[in-house]
Amino acid sequence: MTTSTNSLTASLWGGRFSGEMDALMKKFQDSISFDIRMWSQDIRGSMAYARAINMAGIINDDEAATLQTGLQAIHDEFAAGKFEVKDGDEDIHTAVERRLKELVGDVGGKLHTGRSRNDQVATDTRFYCLEAIQVLKTNIQSVQSALVAQAEQHVSTLMPGYTHLQRGQPSTFGHWCMAYFWMLQRDMERLAECEARVAVLPLGSGALAGNPFAINRAALANDLGFREISQNSFDGVSDRDFVAELLFVGAMLGSHLSRLAEDLIIYATSEFGFVTFADAYSTGSSLMPQKKNPDAMELARGKVGRLTGNLVTLLMVMKGTPMTFNKDYQEDKEALFDTLDTLELLLPVCAGAIRTLRANADKMRAALDPSILSTDVAEYLVRKGVPFRDAHHASGRAVALAERNHTKINALTMADWKSISPHFDDDIADVFNFEQSVNSRDVTGGTSARSVREQIEKAQWLLVNGS
Ligand code: ARG
């Protein structure tokens, strides 16, 4: 067979064609430039398929052994970086099959019996995703571990908690770290749920109508490490939901990391000074010598753009495509690979930046203004039997009075307090204690050192045992 030709007749599907494909059309439709990275999945999928058609009696044991040897040789060529892509190789499936025939001769032409590139590409892509998900899980967990390690150090490191980026109530840096742990834990859960739907084998769906040679699809699934087999051949070849789901997990994860990044960028400003990034995760300015820029976090904040874009790309590609396979679906891969590549760098960089950052406890503490204990003042009244709404109003009046007097709320005189409510007593002074405020929120999920430690213990269990 001719291998370095543009001739249509020599291609996999050339039987009914004559003449040449337009050069730009060829460039337009080829996917080898990006789907080549699925070489390992393609070859291992073919090895399993060869076993399946052997079991079904389509090829004999000798032929099966020949195919295995040939496929293994191609695997070795790829692994050694020696595989040569030739002109007619429009995608990874064509390239491997072409090479197989070169290596083992005509029997190579038997491998594709009952199989179509339609069920093959869907299988390869799922197989690729399954392996990528394992890497993703490890990388998410390393960010989670970095957060837990910081949280352990800072269970009692006081810091203002914000709403609307306005100081709200006292909290701790440890509690802040753990908030992001739980966000990422949901990403882990989503990934596990998505994985179950990725691990459904479409092989045996053929081009669209199923396999006529009674291959044992369940055995094939088992062979390839898939959990189930698809139940409808039309759906089997056209389903790309699993890619969309994985891209959504990526976009959501990116959104979480962008929030974490934004917090840390703010906290690293001279104005806040709550955290200092290690030099290893910072860059300088070519003009302003004093600058130390949080580029790692700015990129982490920015990457959500492409992660979300990739999801939207695929949703738009899938929309309105008719049953069953359509070439449109070839557009799934660049979006998928870009998301996986982005996360493969983004997650370890985030983990490193978090692990190595220094939390500046003194700066955090200095940002605690007594006014953020106003809620505690209201709660003080509630404990004396005042309805919360009235208590809230009274505390608000205390804040306003302090403002009018150009003083802090904790510097109001007993006469001032009494002018607001007869329920205020000398023990109001005890309310102005940040540690006590933080530790009074001792429910599960609260800011107390005990409840943050409880979170850390659960987190450590999850990191070891999974969700
Ligand atoms: N390169 C194609 C893809 O990525 C493979 C499937 C092609 N199938 C076909 N009937 N043309 O989707």
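Rules behind the numbers
- Residues numbered from 1 in each chain as written.
- Predicted model: local features only at pLDDT ≥ 70, side-chain atom pairs only at ≥ 80, totals over all residues.
- Heavy atoms only, no water.
- Helix = DSSP H or I, 4+ residues; strand = E, 2+ residues; numbered from the N terminus.
- Rg over C-alpha atoms; globule rule 2.2 N^0.38 Å.
- Contact = heavy atoms within 4.5 Å.
- Areas by Shrake-Rupley, 256 points an atom, 1.4 Å probe, with all protein chains shown as cover.
- Near = heavy atom within 4 Å.
- Polar contact = N/O pair within 3.5 Å; in protein donor to acceptor, adjacent residues only side chain to side chain.
- Nonpolar A, V, L, I, M, F, W, Y, C, P; charged D, E, K, R; others polar.
- Core = buried A, V, L, I, M, F, W, Y, C linked by side-chain atoms within 4.5 Å.
- Buried < 20%, exposed > 50% of the residue type's maximum accessible area, 1.4 Å probe, protein only.
- Salt bridge = Lys/Arg side-chain N within 4 Å of Asp/Glu carboxyl O.
- Expected span 1.5 Å × (residues − 1).
- Phe/Tyr/Trp six-rings, centres within 6.5 Å; stacked < 30°, edge-to-face > 60°.
- Lys NZ or Arg CZ within 6 Å of the ring centre and 35° of its normal.
- Pairing = 2+ DSSP bridges.
- Axes fitted to C-alpha atoms, helices over the stretch in contact; angles between N-to-C directions.
- Parallel < 35°, antiparallel > 145°, perpendicular 65-115°, else oblique.
- Left-handed = near helix turned anticlockwise from the far one by under 90°.

**Some remarks on the overall build of the protein chain**
Here is step 1 of the chain: A count of helical and extended segments in the protein chain gives 19 helices and six strands.
Here is step 2 of the chain: Over its C-alpha trace the protein chain gives a radius of gyration of 31 Å, far above what one expects of a compact globule, namely 23 Å for 467 residues.
Here is step 3 of the chain: With the C-alpha coordinates of the protein chain rotated into their principal frame, the extents come out at 100 × 55 × 40 Å.
Here is step 4 of the chain: Partitioning the intrachain contacts of the protein chain with sequence separation of at least 6 by distance along the chain shows that 74% fall at a separation of at least 24.
Here is step 5 of the chain: Total accessible area on the protein chain is roughly 21,800 Å²; 53% of this is exposed by carbon and sulfur atoms.

**As for the site of the ligand**
Here is step 1 of the chain: Near the ligand the following residues occur: Ser31, Asp35, Asp91, His93, Arg117, Asn118, Val121, Phe325, Gln330 and Lys333.
Here is step 2 of the chain: Separating a nitrogen atom of the ligand from a side-chain N or O atom of Asp91 is a distance of 3.0 Å.
Here is step 3 of the chain: One of the side-chain N or O atoms of Asn118 is found 3.0 Å from a nitrogen atom in the ligand.
Here is step 4 of the chain: Alone, the ligand offers 350 Å² of accessible surface; in the complex the protein occludes 86% of this.
Here is step 5 of the chain: For the shell around the ligand, the element with the highest residue contribution is helix α6 (residues 117–153), accounting for three residues.
Here is step 6 of the chain: Of the residues assigned to the shell around the ligand, the class counts are two nonpolar, four polar and four charged.

**Examining the nonpolar core**
Here is step 1 of the chain: If you look at the biggest cluster of nonpolar residues, it comprises 102 residues, and the most contacted ones within it are Phe173, Trp176, Leu246, Leu264 and Met297.
Here is step 2 of the chain: In terms of residues, this core owes the most to one element, helix α10 (residues 241–267), which gives 15 residues.
Here is step 3 of the chain: Apart from the residues within four sequence positions on either side, Leu264 is in contact with Trp176, Val275, Phe277, Met297, Ile354 and Leu357.
Here is step 4 of the chain: Within the second largest apolar cluster, 24 residues are counted, among which are Val377, Val386, Trp417 and Phe424.

**Notes on the pattern of salt bridges**
Here is step 1 of the chain: Tallied over the full model, the rule gives 33 salt bridges.
Here is step 2 of the chain: Lys86 is the salt-bridge partner of Glu102, the closest N and O atoms lying 3.6 Å from each other. Linking Glu102 in helix α5 (residues 92–104) with Lys86 in the loop between α4 (61–79) and α5, this pair joins segments that are 16 residues apart in sequence.
Here is step 3 of the chain: With a relative accessible area of 30%, Glu102 lands in the partly exposed category.
Here is step 4 of the chain: Judged by relative accessible area, Lys86 falls into the partly exposed class, the value being 24%.

**Here we look at α6**
Here is step 1 of the chain: For α6, built from 37 residues, the straight-helix expectation of 54 Å at 1.5 Å per residue is met to within 8% by its first-to-last C-alpha distance of 54 Å.
Here is step 2 of the chain: Burial of α6 is extensive: 26 of the 37 residues sit out of reach of the surface.
Here is step 3 of the chain: With a side-chain oxygen positioned 2.8 Å from the backbone nitrogen of Asn118, the residue opening α6 is Ser116.

**Examining the packing of aromatic side chains**
Here is step 1 of the chain: With the rule as written, the count across this model stands at 16 aromatic pairs.
Here is step 2 of the chain: Judged by centre distance (5.8 Å) and plane angle (10°), the rings of Tyr380 and Phe424 are stacked. Here the residue Tyr380 occupies a position in helix α15 (residues 374–383), and Phe424 occupies one in the loop between α17 (414–420) and α18 (434–440), the gap between them amounting to 44 residues. Judged on exposure class, the residue Tyr380 and its partner Phe424 are both buried.
Here is step 3 of the chain: Chaining the aromatic ring pairs together yields one cluster made of Tyr162, Phe173, Trp176, Tyr180, Tyr267, Phe272 and Phe274.
Here is step 4 of the chain: In this arrangement the basic side chain of Arg16 is found over the ring face of Phe17, its NZ or CZ atom lying 5.6 Å from the centre.
Here is step 5 of the chain: The ring of Phe337 carries Arg37 above its face, with NZ or CZ at 4.3 Å from the centroid.

**Section: the pairing of strand β2 (residues 166–172)**
Here is step 1 of the chain: One ladder, built from six bridges, connects strand β1 (residues 158–163) with β2; its direction is antiparallel. Bridge pairing in β2 links Thr163 to Gln166.
Here is step 2 of the chain: Remark: two residues form the turn of the hairpin made by β1 and β2, two consecutive strands paired antiparallel; His164 in that turn has positive phi of roughly 55°.

**Brief notes about the packing of α10 against helix α12 (residues 304–318)**
Here is step 1 of the chain: Interaxial distance between α10 and α12 falls to 8 Å at its minimum, and their mutual angle equals 155°. Looking at the two axes, α10 sits roughly antiparallel to α12. At the point where α10 passes α12, the crossing takes the left-handed sense. Only Val304, Leu307, Thr308, Asn310, Leu311, Leu314, Leu315 and Met318 of α12 make contact with α10, whose side of the interface consists of Asp241, Val243, Ala244, Leu247, Phe248, Gly250, Ala251, Gly254, Ser255 and Ser258.
Here is step 2 of the chain: For the contact of α10 with α12, a count of residues per class yields eleven nonpolar, six polar and one charged.

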